[in-house]
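Chain by chain, the residues:
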Number of protein chains: 2
Amino acid sequence: MNLINREIDRHLLANSGEPPILYEAAYHLIRAGGKRLRSLLILLSCEAVGGKIEEVLPITVAAELIQTASLIRDDMMDCDDYRRGVETVHKKYGNNLALLAADLLIAQGVWMVGQYGTTELLRHVGAAGVDMCEGEALDVLTEKKADEDLSLERYIDTVKRKTVAFIDASTKIGSMTGKGTEAQQEVLGQYAESLGIAFQIRDDVMDITSSREVTGKSVRSDLRWIRSNYPLIVALESCSRERRTECLDALSKGSIDCALDLIRETGAIEAAMKTAEDYVQSAKVALQRERFPNQSLLEELADSVLQRDY
Amino acid sequence: MNLINREIDRHLLANSGEPPILYEAAYHLIRAGGKRLRSLLILLSCEAVGGKIEEVLPITVAAELIQTASLIRDDMMDCDDYRRGVETVHKKYGNNLALLAADLLIAQGVWMVGQYGTTELLRHVGAAGVDMCEGEALDVLTEKKADEDLSLERYIDTVKRKTVAFIDASTKIGSMTGKGTEAQQEVLGQYAESLGIAFQIRDDVMDITSSREVTGKSVRSDLRWIRSNYPLIVALESCSRERRTECLDALSKGSIDCALDLIRETGAIEAAMKTAEDYVQSAKVALQRERFPNQSLLEELADSVLQRDY
């Protein structure tokens, strides 16, 4: 984590330009910290297959830049005011600078892949980017056709694109740079898929149960916009048709209390955490098909996905 | 042009996914047509140095995808309703889908450079992207500090980043793929710089003098937002201090008549067109330092920048 943060700091210091406020806006959220999950996955996957982590370190910066760009957009789409304990970029700098800041981060990330990576890596980044846009679009559209689309099947499909794709690409970037075998890459891919779903479910739970003081970001967004959210979907699937319609009607009118009650009554939070734990377990089981020297670190990273409060 | 359009059509047909409306939004403006200036520059620069244009054809699609993404954002920032004779993406599909559509186009473009290009090309694309964001930010910020920043010096600096960088990258992509010498790349770079400035000045003139019926896009945006616009800056530089202040005050209150009068009285349109012609001339003169087999086509392309009405 220190390695990654030092590399990010080095990049930010070395890459500032005109106008300064654009760079302030672009670096605002990266400077505020973050879990650096994608970066850690890149480093650990590289190490797992016997690669040198220094070789892949610059690419972790590219991953954080692109990830941050996607957060800037997410916050714009959700009209959220807080992220990582600070104001969101569009709130602090306005929509126009937020748009340009996100593009700047993507352009820098692309440049870094060109500088330190290969065209093969680039294809994975590009493909993951397409998946992320598709997943986000599925999520955003939920708000328009709430009823049909709030199903667990659609949820998993959405999450695989919006969250898993980039997490999977991260392990691929690490294991490819470290020259891992196909079997190793495959195993790390399975690990990434389970870990990614667990990560998203935990995120969804926190959106319902936590507060801005704890998470550092706006909460209850998923309810306000009727986005795909695991506890919400579980709750809606385990109640009567009438109750479901009543809740969705209330949500579409901006009232979230009915949904919060339903989630509480149906035990949807506990069910969600249980499912997330199963996914973490699957991630760890997948690892056992290979002997990675840093297996315990990979397991720890999987566990941390559920232990986090932000 | 036919080659390019056929290649674009092939890409759009082969690359559609879920949800369909995201792809509709992403392809909306590309399907509406366009000048394909960057693509033509890539092809002609490749041909100029003796390269095979088939090799660079897929990259022209990447350039159009990325260029279209930047137009989607421009239209969002200017709140413009029309482009290429059709509604803008955010107007037709809403802000959220417009954001995702632009990202999708960038991700596809990045993937294509990974598939058909080199990491060297990618660095040029990334660096041009950074320049574009900087130029756009300088332009957007003009609206906040109208007085100091509306100078010809700042104008040229802004245009070099927001417009010239990508046009220059286009000739570089073409001449690098075609394995041109450094001297050839240098000459094509000078050609691109002059052509790019002429292109932008012509765009600025049309924003003032033309209509949506003719250009297919919203006009007078530069005045409504006090963006960097060549005739406006020339007019403001050739009047009294009092008149300048009066006009800028009126513009910041949303009234554009004073500026239109000033532009007419000072002959700023004619001055702008004369300057644009000088730049086209410089572009053609630059070409004479090399003997390109398709020199007349490159000259024709430079001329077309001023002859266009849209």
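Since the model is a prediction, treat every value here as computed from it, not as a measurement.

**Overview of the overall build of chain A**
No. 1: A tally of helices and strands in chain A yields 17 helices and two strands.
No. 2: Its C-alpha atoms give chain A a radius of gyration of 19 Å, within 12% of the compact-globule value 19 Å for 310 residues.
No. 3: Overall, chain A is about 55 × 50 × 30 Å in size when its C-alpha atoms are taken along their principal axes.
No. 4: Across chain A, the fraction of contacts at a sequence separation of at least 24, relative to all contacts at a separation of at least 6, is 75%.

**Here we look at helix 17 (residues 295-307) of chain B**
Residues and elements named next belong to chain B.
No. 1: Under the 1.5 Å per step criterion, the end-to-end length of helix 17 is 18 Å for 13 residues, consistent within 8% with the ideal 18 Å.
No. 2: All of the buried residues in helix 17 are L298, A302 and V305. Each buried residue of helix 17 lies within a common arc of 45 degrees when the element is viewed along its axis, so the set occupies one face. In helix 17, the exposed positions that point more than 90 degrees away from the buried face belong to S296, E300 and Q307.
No. 3: Each element contacted by the buried residues of helix 17 is listed here: helix 3 (37-48), helix 10 (182-209) and helix 16 (268-287).

**Description of the interface of chain A and chain B**
No. 1: Listed per partner, the contact involves 38 residues of chain A and 38 residues of chain B.
No. 2: Elements represented by at least two residues in the side of chain A that touches chain B include exactly helix 4 (53-78), helix 6 (95-116) and helix 7 (119-142) of chain A.
No. 3: If you tally residues by element for the side of chain A that touches chain B, the top one is helix 7 of chain A, at 15 residues.
No. 4: Grouping the amino acids of the side of chain A that touches chain B by side-chain chemistry returns 22 nonpolar, ten polar and six charged.

**A short note on the relation of the copies chain A and chain B**
No. 1: Of the transformation placing chain A onto chain B, the axial shift is 0.0 Å and the rotation is 180 degrees, giving an RMSD of 0.0 Å. On the angle and the small slide along the axis, the relation comes out as a two-fold axis. Residue A:T119, judged by its C-alpha, is the member of chain A lying nearest the rotation axis, at 3.0 Å.

**Looking at the confidence of the model for chain A**
Residue and element names in this part refer to chain A.
No. 1: Confidence along chain A averages 95 in pLDDT terms, with 98% of residues attaining 70 or more.
No. 2: Looking over chain A, one finds the lowest element-wise mean pLDDT in helix 8 (residues 146-149), namely 68, and the highest in helix 16 (residues 268-287), namely 98.
No. 3: Here the complex is predicted with pTM 0.95, and the ipTM for its interfaces comes to 0.95.

**Observations regarding the environment of B:V305**
All names here are of chain B.
No. 1: As for its placement among the helices and strands, V305 is situated in helix 17.
No. 2: Of the residues examined, V305 has 24 C-beta atoms within 10 Å and is grouped as buried.
No. 3: Those residues in contact with V305 that lie beyond four places of it in its chain are L195, A198, F199, R202 and V280.

**Some details on the packing of helix 4 (residues 53-78) of chain B against helix 9 (residues 152-177) of chain B**
All names here are of chain B.
No. 1: Viewed as axis vectors pointing N to C, helix 4 and helix 9 meet at an angle of 165 degrees, and their least axial separation amounts to 10 Å. Judged on the interaxial angle alone, helix 9 and helix 4 are roughly antiparallel. Between helix 4 and helix 9 lies a crossing whose hand is right-handed. Contact residues: helix 4 offers E55, V56, I59, A63 and Q67, while helix 9 offers F166, S170, I173, G174 and T177.
No. 2: Of the residues assigned to the contact of helix 4 with helix 9, the class counts are five nonpolar, four polar and one charged.

**With respect to helix 3 of chain B**
Residues and elements named next belong to chain B.
No. 1: Look at helix 3: 16 Å from first C-alpha to last across twelve residues, which is about the 16 Å you get at 1.5 Å a residue.
No. 2: Among the twelve residues of helix 3, twelve are classified as buried, and the element is accordingly described as predominantly covered.
No. 3: Residues of helix 3 that are buried sit in contact with helix 1 (2-14), helix 4, helix 9, helix 10 and helix 17.
No. 4: Downstream of helix 3 by one or two residues, G50 has phi in the positive range, about 85 degrees.

**Focus: the packing of helix 3 of chain B against helix 4 of chain B**
Residues and elements named next belong to chain B.
No. 1: Between helix 3 and helix 4, the shortest axis-to-axis distance is 8 Å and the interhelical angle comes to 155 degrees. Considered as vectors, helix 3 and helix 4 are oriented roughly antiparallel to each other. Classified by chirality, the crossing of helix 4 by helix 3 is right-handed. Of the residues in helix 4, those touching helix 3 at R38, S39, I42, L43, C46 and E47 are I53, V56, I59, T60, A63, E64 and Q67.
No. 2: Classifying every residue of the contact of helix 3 with helix 4 gives seven nonpolar, three polar and three charged.

**Side note on the environment of B:R31**
Residues and elements named next belong to chain B.
No. 1: Within the element layout of this structure, R31 appears in helix 2 (residues 20-31).
No. 2: C-beta crowding within 10 Å serves as the criterion here: with 15 such atoms nearby, R31 is assigned to the partly exposed category.
No. 3: Along the primary structure R31 and R244 are separated by 213 residues, whereas in three dimensions their C-alpha atoms are 42 Å apart.

**Observations concerning the environment of B:V280**
Residue and element names in this part refer to chain B.
No. 1: On the secondary structure map, V280 appears in helix 16.
No. 2: With 24 C-beta atoms packed within 10 Å, V280 lands in the buried category.
No. 3: C-alpha separation for the pair V280 and R6, spaced 274 residues apart in sequence, amounts to 29 Å.
No. 4: In contact with V280, other than residues within four places in its own chain, are A198, A302, D303, V305 and L306.

**Observations regarding unusual backbone geometry**
No. 1: Cis geometry is adopted by the peptide bond preceding A:P19, which originates at A:E18 and carries an omega value of -15 degrees.
No. 2: Looking at where A:P19 falls in the secondary structure, it is placed in the loop between helix 1 (2-14) and helix 2 (20-31).
No. 3: The residue A:R220 is not glycine, and still its phi comes out positive at about 70 degrees.
No. 4: On the basis of neighbour count, A:R220 is assigned to the partly exposed category, with 17 C-beta atoms found within 10 Å.
No. 5: Positive phi, close to 50 degrees, is recorded for B:I226, a residue that is not glycine.
No. 6: Within the fold, B:I226 resides in the loop between helix 12 (221-224) and helix 13 (230-237).
No. 7: B:I226 sits in the buried class, given 22 other C-beta atoms within 10 Å.

Cut-offs used in this document
- Residues numbered from 1 in each chain as written.
- Chains lettered and ligands numbered in written order.
- Predicted model: local features only at pLDDT ≥ 70, side-chain atom pairs only at ≥ 80, totals over all residues.
- Helix = DSSP H or I, 4+ residues; strand = E, 2+ residues; numbered from the N terminus.
- Rg over C-alpha atoms; globule rule 2.2 N^0.38 Å.
- Contact = placed C-beta atoms within 7 Å.
- Expected span 1.5 Å × (residues − 1).
- Buried ≥ 20, exposed ≤ 12 C-beta atoms within 10 Å, placed from the backbone.
- Arc of directions from axis to C-beta.
- Nonpolar A, V, L, I, M, F, W, Y, C, P; charged D, E, K, R; others polar.
- Least-squares fit on C-alpha atoms with pLDDT ≥ 70 in both.
- pLDDT = per-residue confidence, 0-100.
- Axes fitted to C-alpha atoms, helices over the stretch in contact; angles between N-to-C directions.
- Parallel < 35°, antiparallel > 145°, perpendicular 65-115°, else oblique.
- Left-handed = near helix turned anticlockwise from the far one by under 90°.

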